[in-house]
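Here is how the chains run, residue by residue.
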Amino acid sequence: MERAVRELWAESRDLLGLHPPSPDAAGASAVPRADLPPTPLAFLRDHVSPGRPLLVSAASTRHWPATSLWPTDSYLADALRSTAVSLHLTPDGRADALAPHPRRPGSSKCFASAHVRRVDFPTAARLIRRSDPAAGVVAYAQQQDDCLRGEYAAVAGDVDAHVPWASEALGCLPEAVNLWVGNASSVTSFHKDHYDNIYVVVSGEKHFLLLPPTEHHRLYVRDYPAARYVAAEKEPEGENQLRLKLEMEEPERMVPWSSVDPYPASPEEMATQASSFPLYFDGPAPIRCTVRAGEMLYLPSMWFHHVSQSPGPNGLTIAVNYWYDMQFDIKYAYFNFLRSVEIAGDSSGTNDALEGDIEEDD
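In this text the structure is predicted, and so the values were computed from the model without any measurement.

A. Quick look at empty space enclosed by the protein. Applying the stated criterion to the full structure yields 1 cavity of 30 Å³ or more. There is about 40 Å³ of room inside the largest cavity. What lines the largest cavity is a set of 12 residues, and nearest its centre among them are His88, Thr90, Ala95, Tyr140 and Gln142. Counting residues per element, the ones that place at least two in the lining of the largest cavity are strand S3 (84-90) and strand S7 (138-140). With 3 residues, the top contributor of residues to the lining of the largest cavity is S3. Grouping the amino acids of the lining of the largest cavity by side-chain chemistry returns 5 nonpolar, 5 polar and 2 charged.

B. Quick look at helix H1 (residues 2-16). Here H1 contains 15 residues, and its C-alpha end-to-end distance of 21 Å stays within 8% of the 21 Å for a straight helix at 1.5 Å per residue. Along H1, the positions that sit buried rather than exposed are Val5, Trp9, Ser12, Arg13 and Leu16. Along the long axis of H1, the arc covered by the buried residues comes to 95 degrees, so they all point the same way. Turned more than 90 degrees away from the buried face of H1 sit Arg3, Ala10 and Leu15, all of them exposed. Those residues of H1 that are buried lie in contact with strand S11 (205-211), helix H8 (278-281) and strand S15 (287-292).

C. Representation of the sheet that holds strand S2 (residues 54-56) within the structure. Strand order in the open sheet formed by 6 strands is S1-S2-S16-S10-S18-S8, with mixed pairing between adjacent strands. Whereas interior strands pair on both sides, the edge strands pair on one side only; in this sheet they are strand S1 (33-34) and strand S8 (176-182). The sheet contact formed by S8 and strand S18 (residues 317-325) spans 7 bridges and is antiparallel. Considered in S18, the bridge of Ala176 is made with Trp323.

D. Spotlight on the pattern of salt bridges. Scanning the model with the defined rule gives 13 salt bridges in all. In this structure, Arg81 and Asp78 form a salt bridge, with 2.5 Å as the shortest nitrogen-oxygen distance. Between Glu151 and Arg118 there is a salt bridge, and its shortest N-O distance comes to 2.5 Å. Of this pair, Glu151 sits in the loop between S7 and helix H6 (164-170) while Arg118 sits in strand S6 (residues 115-120), and the two are 33 residues apart along the sequence. Because the salt bridges share partners, they merge into one network encompassing Arg13, Glu215 and Arg218.

E. Geometry of the sheet that holds S3. The strand order across the open sheet formed by 3 strands is S6-S3-S7, and the pairing between neighbours is antiparallel. Edge strands, defined here as strands with exactly one partner in the open sheet, are S6 and S7. On average, each strand axis in the sheet is inclined to that of its neighbour by 40 degrees, with strand direction left out of account. Here S3 runs beside S6; their pairing, made up of 6 bridges, is antiparallel. Opposite Leu87, over in S6, you have Arg117 as the bridge partner.

Basis of the calculations
Residues numbered from 1 in each chain as written. Predicted model: local features only at pLDDT ≥ 70, side-chain atom pairs only at ≥ 80, totals over all residues. Heavy atoms only, no water. 1 Å grid on protein atoms, 1.4 Å probe; cavity = no way out; pocket = protein on both sides within 12 Å on 5 of 7 lines; lining within 4 Å. Points joined across faces, edges and corners; volume = space filled by probe spheres on them. Helix = DSSP H or I, 4+ residues; strand = E, 2+ residues; numbered from the N terminus. Nonpolar A, V, L, I, M, F, W, Y, C, P; charged D, E, K, R; others polar. Expected span 1.5 Å × (residues − 1). Buried < 20%, exposed > 50% of the residue type's maximum accessible area, 1.4 Å probe, protein only. Arc of directions from axis to C-beta. Contact = heavy atoms within 4.5 Å. Pairing = 2+ DSSP bridges. Salt bridge = Lys/Arg side-chain N within 4 Å of Asp/Glu carboxyl O. Axes fitted to C-alpha atoms, helices over the stretch in contact; angles between N-to-C directions.

Listed below in structure tokens is the structure:
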């Protein structure tokens, strides 16, 4: 069975035309790139129907006021001066990700969600800029509830309300439009979403690792008990010395999540990851794609993605994404069948019925 699944990996990439770039193509990506936005028909035919990503150049957003205003040092802070926003706090920049289980020392893991505080936007931006895992607190504005049209409504007019060629091709308007503001310390673990995603970087860069849905087994999706970071007692030095501790949710709730960390922190952890998850580390390289300021990435529903980021000149990485409801068609049925198949080295097949129902921070 493993041999057949590996053949599926290769055939699906070949059918999608996702071939690795040649060694002399420095900085190139296997993701197709368009210099101009596609027509709705071309987008539907070449990308939505086959489930094929697309990177669109900054020509698609040159008319947005946000592309010139948001990367400055002061515009967002002034426009949102009296606006309270949701700020997500973790010790290490990894919200909605696996962390050591606080009650079971050793190798046990749990699914950790961020501590959320309401602060005014200028305070949020300041905390994000100075975020550092070495200090024990990393801040990320990543509220995933249509927040651009909610908390950030004062600046929502600086970007398009939807992506016209995508809306026409998909036959609907976006269900949610979100704003993301972070720095290089925030990293998103591998996950998938039940949305067709148009992801636009406004300041800085986002670095994606991508795997098609056919490579589900490579991520070792397993059930982990849910936990959440909470604020502990403040240190005597003052209010800036916030400490976070991880508490398990009661009653227990299990979350299916990817077990793979593609960037282990040490050679020892790399050895552990490689021996524990050989389908990932011995399989084809993940598809790499960097989205730069002004560019759009179309990420089809059910694609697995891991995201890191680099800040722009203002010390922030700022992005907007448009979530369009996916079509639960025959491809979804095929995917459910595939993930029910167990192969050697992966025992996660039938236990992840809800995996991806939690939208992860990008």
